[in-house]
Amino acid sequence: MGPLFHNIPDAPEHVAPFSHAVEADGWVIVTGQMPTKPGMAKSDPLEDGIAAQTAQVMRNLEIVLQGIGLDLSHVVQCRCFLTEFERDYETFNETYKSFFPLDRLPARTTVGVTALAVGALVEVDCIARRA
């Protein structure tokens, strides 16, 4: 069977041409989520600060995963992107880890970038595995 391309109606509106997730052979690749809220207008401002934006990004990942019958416990790897790496890294980590049991943290890479879509401070994508 070929890949499945998932778009989740309850997830935030796309900010670019992509599927929310693509699934193949039990692996699910979730597109990087931005700190936009479901139903949010493109002109609405993002929440201030890395903690609030990280929490929204993680909630958006949960929405996408729930839309295909999974949750954060299925995540095996995350890639995280920060526009203000040195300033925000510690606070990002505190917020990020609150979404996972400490004994089940996914593998992770975090990098500093010059800019993200919609003026976001943070973006996170992930790979999950259907059990």
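Look a little higher up for the structure.
First, a word on scope: everything that follows refers to the structure included in this document. All figures in this text were calculated on a predicted structure; none of them were measured in a lab.

## Comments concerning the pairing of strand β5 (residues 107-112)
If a strand is regular, its side chains alternate between the two faces of the sheet.
Moving on, step 1. Inspection of the sheet shows strand β4 (residues 75-82) paired to β5 by six bridges, in the parallel sense. Counterpart to C80 in the pairing with β5 is T110.

## Focus on the sheet that holds strand β2 (residues 21-24)
Moving on, step 1. Across the sheet, which stays open at both edges, the six strands sit in the order β1-β2-β3-β6-β4-β5 with mixed pairing between neighbours. The open sheet has two free edges, formed respectively by β1 (4-6) and β5, since each of these has just one partner strand. Taken pair by pair, the neighbouring strands of this sheet meet at an average axis angle of 15°, ignoring direction.
Moving on, step 2. Lying on the sheet, helix α2 (residues 85-97) is in contact with β4, β5 and β6 (122-129); it crosses β5 at an angle near 155°.

## Structural notes on the pattern of salt bridges
Moving on, step 1. Using the criterion set out here, one finds five salt bridges in the structure.
Moving on, step 2. Between E47 and K37 there is a salt bridge whose closest N-O contact spans 3.4 Å. Of this pair, E47 sits in the loop between β3 (27-33) and α1 (50-67) while K37 sits in the loop between β3 and α1, placing them ten residues apart in sequence.
Moving on, step 3. Given the relative accessible area of 31%, E47 is considered partly exposed.
Moving on, step 4. For K37, a relative accessible area of 38% puts it in the partly exposed group.
Moving on, step 5. D88 is the salt-bridge partner of R87, the closest N and O atoms lying 2.8 Å from each other.

About the thresholds
Residues numbered from 1 in each chain as written. Predicted model: local features only at pLDDT ≥ 70, side-chain atom pairs only at ≥ 80, totals over all residues. Heavy atoms only, no water. Pairing = 2+ DSSP bridges. Helix = DSSP H or I, 4+ residues; strand = E, 2+ residues; numbered from the N terminus. Axes fitted to C-alpha atoms, helices over the stretch in contact; angles between N-to-C directions. Contact = heavy atoms within 4.5 Å. Salt bridge = Lys/Arg side-chain N within 4 Å of Asp/Glu carboxyl O. Buried < 20%, exposed > 50% of the residue type's maximum accessible area, 1.4 Å probe, protein only.

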